[in-house]
Amino acid sequence: IYSGVAPTGTLESYTTIPEYMAGHYMLQSASSFLPCIALAPQPGDKVLDMAAAPGGKAAYLAALMRNQGSVVANDANDKRVKSLSANMQRLGVTCGVVTCIDGRLMPTLSTTFDRVLLDAPCSGLGVIAKDPSVRYQINSFCRAEHL
């Protein structure tokens, strides 16, 4: 354990210090890393993260696998792939590849996966802790009565 002063304040204050830029950490909430623990990837597995941007979960999957095997970090939104790629590289993921494919097309690819993570963005409810007003915006989340 090293002694030092942690920055306080905005997210930007955390993302501009050398340790962050060197890939020593990435800020994420428990709701981001718990699905990775539940997936329990093993070294040598072939893992697909279907909605990977900005890359925290995909990088954590690679860490859990000790960078052994492969992590396909996919995001269908091409505007988010740049940050996904940058974070995977910054965090030292050597067993990963970044793709930008509509997830509905994944079954047509000539590959299979040992594990698949789909922590699908839908409602924005994950930000309730940061912005409690979200809980009162009924129209802001997806309704799934038809499922």
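What you are looking at is a predicted structure, and each value in this text was computed from that prediction instead of being measured.

It is worth spelling out the pattern of salt bridges at this point. Counted according to the given criterion, the structure contains four salt bridges. The residue Asp119 makes a salt bridge to Lys57 at a minimum N-O spacing of 3.6 Å. Of this pair, Asp119 sits in the segment after β4 (115-117) while Lys57 sits in helix α4 (residues 56-64), and the two are 62 residues apart along the sequence. The class of Asp119 is partly exposed, set by a relative accessible area of 29%.

Bringing the sheet that holds strand β1 (residues 46-49) into the picture now. Two orientations exist for strands paired in a sheet by backbone hydrogen bonds: parallel and antiparallel. The strand order β3-β2-β1-β4 describes an open sheet built from four strands, whose pairing is parallel. The sheet is open, and its two edges are formed by β3 (96-99) and β4, each paired on a single side. If you compare each strand with its neighbour and ignore which way they point, the axes differ by 15° on average. As judged from the three bridges shared by β1 and β4, these two strands associate in the parallel manner. Bridged to Leu48 within β4 is Val116.

With four of five residues buried, strand β2 (residues 70-74) is to be regarded as a mostly interior element. The pairing of β1 with β2 spans four bridges and is parallel. Paired with Leu48 across the strands is Val72, a residue of β2. One ladder, built from four bridges, connects β2 with β3; its direction is parallel.

Another aspect to go through is the nonpolar core. Ala58, Leu61, Val71, Ala73, Leu84, Met88 and Val93 are the most contacted members of the largest nonpolar core, which totals 17 residues. Mapped by element, the contributors of at least two residues to this core are α3 (30-39), α4, β2 and α5 (78-90). When residues in this core are grouped by element, the largest group, four residues, is from α4. Not counting residues up to four positions away in its chain, the partners in contact with Met88 are Gly55, Ala58, Ala59, Ala73, Val93, Gly96 and Val98.

This part covers α5. For α5, with 13 residues, the first-to-last C-alpha span of 19 Å sits near the 18 Å given by 1.5 Å per residue. Those residues of α5 that fall on the buried side of the exposure criterion are Val81, Leu84, Asn87, Met88 and Arg90. Looking at where α5 begins, the residue whose side-chain oxygen comes 2.9 Å from the main-chain nitrogen of Lys79 is Asn77. Where α5 terminates, the next one or two residues include Gly92, which has phi positive at roughly 80°.

Let's shift gears to the packing of aromatic side chains. One pass over the full model with this rule turns up one aromatic pair. A centroid spacing of 6.3 Å and a plane angle of 80° characterise the contact between Phe33 and Tyr60, whose relative ring orientation is edge-to-face. Taken as a pair, Phe33 in helix α3 and Tyr60 in helix α4 lie far apart in primary sequence, 27 residues in all. Over the ring of Phe113 we find Lys46, and its NZ or CZ is 5.8 Å from the ring centre.

Reading the values: the criteria
- Residues numbered from 1 in each chain as written.
- Predicted model: local features only at pLDDT ≥ 70, side-chain atom pairs only at ≥ 80, totals over all residues.
- Heavy atoms only, no water.
- Salt bridge = Lys/Arg side-chain N within 4 Å of Asp/Glu carboxyl O.
- Helix = DSSP H or I, 4+ residues; strand = E, 2+ residues; numbered from the N terminus.
- Buried < 20%, exposed > 50% of the residue type's maximum accessible area, 1.4 Å probe, protein only.
- Pairing = 2+ DSSP bridges.
- Axes fitted to C-alpha atoms, helices over the stretch in contact; angles between N-to-C directions.
- Core = buried A, V, L, I, M, F, W, Y, C linked by side-chain atoms within 4.5 Å.
- Contact = heavy atoms within 4.5 Å.
- Expected span 1.5 Å × (residues − 1).
- Polar contact = N/O pair within 3.5 Å; in protein donor to acceptor, adjacent residues only side chain to side chain.
- Phe/Tyr/Trp six-rings, centres within 6.5 Å; stacked < 30°, edge-to-face > 60°.
- Lys NZ or Arg CZ within 6 Å of the ring centre and 35° of its normal.

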